[in-house]
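Observations on the model geometry
Each chain, written out:
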Amino acid sequence: MVNFRTVGLSSAAFLLSGGGSGPAGSVRLAAAQSTDDMEPLGVHGSGTTNPSKCFWHIMAKLEEQIKLPSRLTYRAVGSGTGQKEFLGKGIDVNGTSTNTLIPYNNFGAGDIPISREDWIEFGGGGENKGASFVQLPFVLSAVGFFHSIPGVPTGERGLNMTACLLSRIFQADITTWDHPDILAENPGLNVAENYPIFVGRRVKGSSSTYSITYYLYDQCPKTDANPKGWPLDKRKKEIEWPASTYPCDGSGLMSRCLQENEGAIGYVDVAHGHQSLLPEIRVKNGDGFFLTSKEAGDEGIQDAAKDLSKVPSSADGDFSQVAYYNEPGPNTWPIALVSYIYIRKDISFIKNPASRTLLKAFARSLYDPLYIGESDNLSWKQICLSDGNYSIRCNLGRCVDD
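For clarity, every value in this text was computed on a predicted model and none was experimentally measured.

In this section: the state of the cysteines. Applying the stated criterion across every chain, the model contains two disulfides. Bridging Cys164 to Cys220, the disulfide has an S-S length of 2.1 Å. The chirality of the disulfide connecting Cys164 with Cys220 is right-handed, given an S-S dihedral of about 105 degrees. In this pair, Cys164 sits in helix 5 (residues 163-170) while Cys220 sits in the loop between helix 7 (207-219) and strand 9 (246-247), placing the two residues 56 residues apart along the sequence. Exposure remark for Cys220: the relative accessible area of 1% places this residue in the buried category. One disulfide bridge connects Cys248 with Cys257, the sulfur atoms lying 2.1 Å from each other.

See below:
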């Protein structure tokens, strides 16, 4: 039976080269000599905004424990940007998009796996195989739709939206909240005539965009019989949006877009949405039941990831088919995401040996309850993945270089 712990860090232990070891709770760094060509001690990552507060919390804790001057940073710029910077892909060199293979970070992070095309080219033996890498899944999260219609709460008395209604709103086919098709699904909705919909959407490559477009297409695909459904060519992390929509880059800015614009709709990881006290829209799951992520609860989000049949047996394998949208179950949440960090197999490009050790310590900390367990207090909750025989739990302990 394949499990995420094996695919995560324990199998990565023998794949990463060029660094030291030691449990996350005891960061032991190689003696860093101060020379002109030695990099400062540090670890720097970029990518998804969803678990950014968790990363920052863990980095601060590691900095407190290190006896040497150090700096750990993470830029929450979105999964797509994090992947490009990690792979050295599509970098602007004198006006030309080039695959430089030079990483712009020590690790990348995303709530979507690296595509099969990029895995083949960079990690699976293609022409750019020098950038081969491992993908380490460490948490399951959820994305939902939120709104800011005054007086409309979350829950059973809240707003119900089918995937087809959402598809039409995000394609600017429905532009007011009093549209007959919205009122037909929500007969108790009391809004002003022609009350406009402010549509917030993400910018650049976003795992949230990736997940909601897969959800919309799976439940309401565009066909000859359904011309207003979601198009297949818009099922990806970066798409062309109607000019009437508003860019809200990052989870934090998306939450602000909804808070600051009355009558808005948008999508964001549910931790950010709930922390911002935004009313959540009830959407249909794979079994056709309306629910919010709070109504689904932790168990309903975990249930989305019961099927592990598409998980590769090694951390350097192809994760591109691992997706959890519209999974069966009356209480299953329909938009669940696995978060990954991406690390090169060969980390010798990090010149300071102590920084290589620190990178491994950071990776281990994502599976250590002394670090990630405290993130529950940051409105970013680790969800366990389970198939009945094993689970990624909040107390995994040591995972790299055991």
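This next bit is on the packing of helix 5 against helix 7. Working note: a packed helix pair is described by the angle between its axes plus the distance between those axes. The interhelical angle for the contact between helix 5 and helix 7, taken along N-to-C directions, is 125 degrees, at an axis separation of 9 Å. Regarding the angle of helix 5 to helix 7, the classification is oblique. At the point where helix 5 passes helix 7, the crossing takes the left-handed sense. For the pair formed by helix 5 and helix 7, the contact residues are Ala163, Leu166 and Ser167 on the first element and Tyr215, Leu216 and Gln219 on the second. Here the contact of helix 5 with helix 7 is built from residues that sort into four nonpolar, two polar and no charged.

Let us now look at the side chain of Arg201. For Arg201, the location among the structural elements is in strand 8 (residues 198-201). The buried charged residue Arg201 lacks any salt bridge partner; its closest oppositely charged side chain belongs to Glu240, at an N-O distance of 7.5 Å. With sequence-adjacent residues up to four places away left out, Arg201 is seen in contact with Trp241, Thr245, Tyr246, Pro247, Cys248, Met254 and Tyr267.

With that settled, the discussion passes to the packing of aromatic side chains. Under the criterion given, the structure shown has 19 aromatic pairs. A cation over an aromatic ring shows up here: Arg235 above the ring of Tyr214, its NZ or CZ 4.4 Å from the ring centre. For the cation-ring pair, Arg344 lies above Phe86, with the distance from its terminal atom to the ring centre recorded as 5.5 Å.

Taken as a whole, the chain shows an average pLDDT of 82; of its residues, 80% reach a score of 70 or greater. Counting interchain partners and residues more than four positions distant, the pLDDT-below-50 stretch residues 1-25 has 91 contacts. Ignoring residues within four places in sequence, the model shows residues 31-36, a span with pLDDT below 50, making four contacts including any to other chains.

Moving on to helix 11 (residues 353-365). Here helix 11 is 13 residues long and its end C-alpha atoms lie 19 Å apart, about the 18 Å a rise of 1.5 Å per residue gives. For helix 11, the buried fraction is high: twelve of the 13 residues fall into the buried class. Those residues of helix 11 that fall on the buried side of the exposure criterion are Ala354, Ser355, Arg356, Thr357, Leu358, Leu359, Lys360, Ala361, Phe362, Ala363, Arg364 and Ser365. For helix 11, the N-terminal cap is Asn352; the gap from its side-chain oxygen to the backbone nitrogen of Ala354 is 3.0 Å.

Before going further, it helps to spend a moment on unusual backbone geometry. Look at Leu277: it is not a glycine, yet its phi comes out positive at around 60 degrees. Along the polypeptide, Leu277 turns up in the loop between helix 9 (270-275) and strand 11 (282-284). Phi is positive for Asn326, close to 55 degrees, though the residue is something other than glycine. In this structure, Asn326 sits in the loop between strand 13 (324-325) and strand 14 (335-344).

Thresholds, definitions, all that
- Residues numbered from 1 in each chain as written.
- Predicted model: local features only at pLDDT ≥ 70, side-chain atom pairs only at ≥ 80, totals over all residues.
- Heavy atoms only, no water.
- Disulfide = S-S within 2.5 Å.
- Helix = DSSP H or I, 4+ residues; strand = E, 2+ residues; numbered from the N terminus.
- Buried < 20%, exposed > 50% of the residue type's maximum accessible area, 1.4 Å probe, protein only.
- Axes fitted to C-alpha atoms, helices over the stretch in contact; angles between N-to-C directions.
- Parallel < 35°, antiparallel > 145°, perpendicular 65-115°, else oblique.
- Left-handed = near helix turned anticlockwise from the far one by under 90°.
- Contact = heavy atoms within 4.5 Å.
- Nonpolar A, V, L, I, M, F, W, Y, C, P; charged D, E, K, R; others polar.
- Lys, Arg positive; Asp, Glu negative; His and termini not counted.
- Salt bridge = Lys/Arg side-chain N within 4 Å of Asp/Glu carboxyl O.
- Phe/Tyr/Trp six-rings, centres within 6.5 Å; stacked < 30°, edge-to-face > 60°.
- Lys NZ or Arg CZ within 6 Å of the ring centre and 35° of its normal.
- pLDDT = per-residue confidence, 0-100.
- Expected span 1.5 Å × (residues − 1).
- Polar contact = N/O pair within 3.5 Å; in protein donor to acceptor, adjacent residues only side chain to side chain.

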